[in-house]
Amino acid sequence: MSNTGGAVVTSQDVARYVGVSQPTVSRALRDDPKVSEATKTRIRDAARLLGYVPSATGRALAVGRSHRIGLLLTDVENAFYPHLIAPLYRELRATGYEMVLLPESEEADPVAERIIANGLDGVVLTTSTTDSALPIRLRDRRLPFVYFNRTVPGVAADSVVVDATAGYAAAARRLAELGHRRVGAVLGPQNTSTGLHREAVLRAALSSAGLVLDEAACRRGPFDVASGHAGMSEILDLPERPSAVVCGNDVVAVGVLNAARERGVRVPEEISVLGFDDLPMAGWPLLDLATVAFDLPGMARAAVRLIAERAEGRAEDTFTQQVFESSFLERGSIGPADRG
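Residues numbered from 1 in each chain as written. Predicted model: local features only at pLDDT ≥ 70, side-chain atom pairs only at ≥ 80, totals over all residues. Heavy atoms only, no water.

Note the cis peptide between V267 and P268, where omega equals 10°. Within the chain, N149 stands out as a residue other than glycine whose phi angle is a positive 70°. Along the chain, N149 falls in the loop between strand 4 (145-148) and strand 5 (158-163). Residue class for N149 comes out buried when judged on its relative accessible area of 10%. (Helix = DSSP H or I, 4+ residues; strand = E, 2+ residues; numbered from the N terminus. Buried < 20%, exposed > 50% of the residue type's maximum accessible area, 1.4 Å probe, protein only.)

Now the structure itself:
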């Protein structure tokens, strides 16, 4: 016997087939020790035969937890996210959780309802803007969440973030040693904590090294290739170009390098380029991108620990922010300032 008529098979169907109660089916399928192994086997065999697939939401309601954690992100084609997804997936799986990818829309309420409807134990927020209402919606619905690399002012939660101070300080000192004086930038969006933090820290680091962030050569936009390309194209049109360009992240830097190549501007002979994140492609000989690095696998471990503790009711009443230090990786995209 099998389900070939297209009707949805329910746990009641399995119960009738085996001759037990529906609660017994639910307990057996979640491996409740109160149900005998023989009954569990009969129920599992019947479920397979009938084509019954337990609902994740129903299972969550039955046991109070689904062992599923959502990962909320926007542009899945952005090269940063595969770099992020892999270590988070590994850590969640090792902790006994399933990862559910959730593409984010612009409206907080539909996203929040979709998260609730998925029967998730918690959510990792990676793309929150400073004006995002989603953390408020999740807080109001008492769904645990953790900020990853982003935070939202006024909405407290556990967070895992990067401090750009050490990395930018070392990079600024190196640029000064190489004779750079005027520095341009293609920075991240001003409605993100990462964009604001990196710009503020960069300005302080350059100032400490005796360098100037040239306002005329500063552009801001999304953390994507198109933003880097557009920003660099405008910088290269300036009457007086900076000798180095700092990018909001490595993805932006790819756009910057593409624009330079299209214009026949040599990197680093005519202009130096610095990224942020140390994506795997940054180390490819084709890019050889100098960048600011941090411990992404360590951040993933910290985020999973924090969200698991919240989901399992083991966390403290106060929230935890774990800060990861950064470092400068010098590669071939940075060289002496060209004043000839």
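Next comes the rest of the write-up.
The strands that make up a sheet pair up through hydrogen bonds in the backbone, lying either parallel or antiparallel. Strand order in the open sheet made by the 4 strands is 7-6-8-9, with parallel pairing throughout. With one partner strand each, in any of the chains shown, strand 7 (212-220) and strand 9 (272-274) form the two edges of the open sheet. On average, each strand axis in the sheet is inclined to that of its neighbour by 20°, with strand direction left out of account. Here strand 8 (residues 244-247) runs beside strand 9; their pairing, made up of 3 bridges, is parallel. By the bridge assignment, A244 is partnered in strand 9 with S272. With respect to the sheet, helix 10 (residues 225-236) is in contact with strand 6 (182-187), strand 7 and strand 8, its orientation differing from that of strand 6 by roughly 150°. (Pairing = 2+ DSSP bridges. Axes fitted to C-alpha atoms, helices over the stretch in contact; angles between N-to-C directions. Contact = heavy atoms within 4.5 Å.)

Let us look at the nonpolar core. Among the nonpolar cores identified, the biggest contains 56 residues, and L88, F148, Y168, L202 and L274 are the most heavily contacted of them. It is helix 12 (residues 296-311) that contributes the most residues to this core, 10 residues altogether. (Core = buried A, V, L, I, M, F, W, Y, C linked by side-chain atoms within 4.5 Å.)

Before going further, it helps to examine the side chain of R219. In this fold, R219 is placed in strand 7. Separated by 2.9 Å, the side chain of R219 and the backbone oxygen of A216 make a polar contact. Apart from residues lying up to four places away in sequence, R219 is in contact with A185, V186, L187, G231, E234, I235 and L238. (Polar contact = N/O pair within 3.5 Å; in protein donor to acceptor, adjacent residues only side chain to side chain.)

The next subject is the environment of G221. Mapped onto the elements, G221 comes out in the loop between strand 7 and helix 10. The class of G221 is buried, set by a relative accessible area of 10%. Dropping the residues within four chain positions of it, G221 is found in contact with L187, G188, P189 and S227.

The next thing to look at is the pairing of strand 11 (residues 321-329). Looking at chain direction, strand 5 and strand 11 are connected through 5 bridges and run parallel. Of the residues in strand 11, the one forming a bridge with D163 is E325. When strand 10 (residues 291-294) meets strand 11, the two strands line up antiparallel, connected through 4 bridges. Bridging across to strand 11, F294 finds its partner in S326.

The subject of this paragraph is the domain arrangement of the protein chain. As assigned here, the protein chain comprises domain 1 (11-54), domain 2 (68-162 + 296-325) and domain 3 (164-293). The C-alpha centroid of domain 2 is placed 34 Å from the C-alpha centroid of domain 1. (Domains from an automatic or database assignment.)

A word on the pairing of strand 4. Across the two faces of strand 4 the burial is the same, with F145 and Y147 and V146 and F148 all buried. Pairing geometry for strand 3 (residues 122-125) and strand 4, over 3 bridges, is parallel. Within the sheet, the bridge partner assigned to V123 lies in strand 4 and is F145. Considered for its hand, the β-α-β crossover made up of strand 3, helix 7 (residues 134-140) and strand 4 is right-handed. (Right-handed = clockwise from strand over helix to strand, strands pointing away.)

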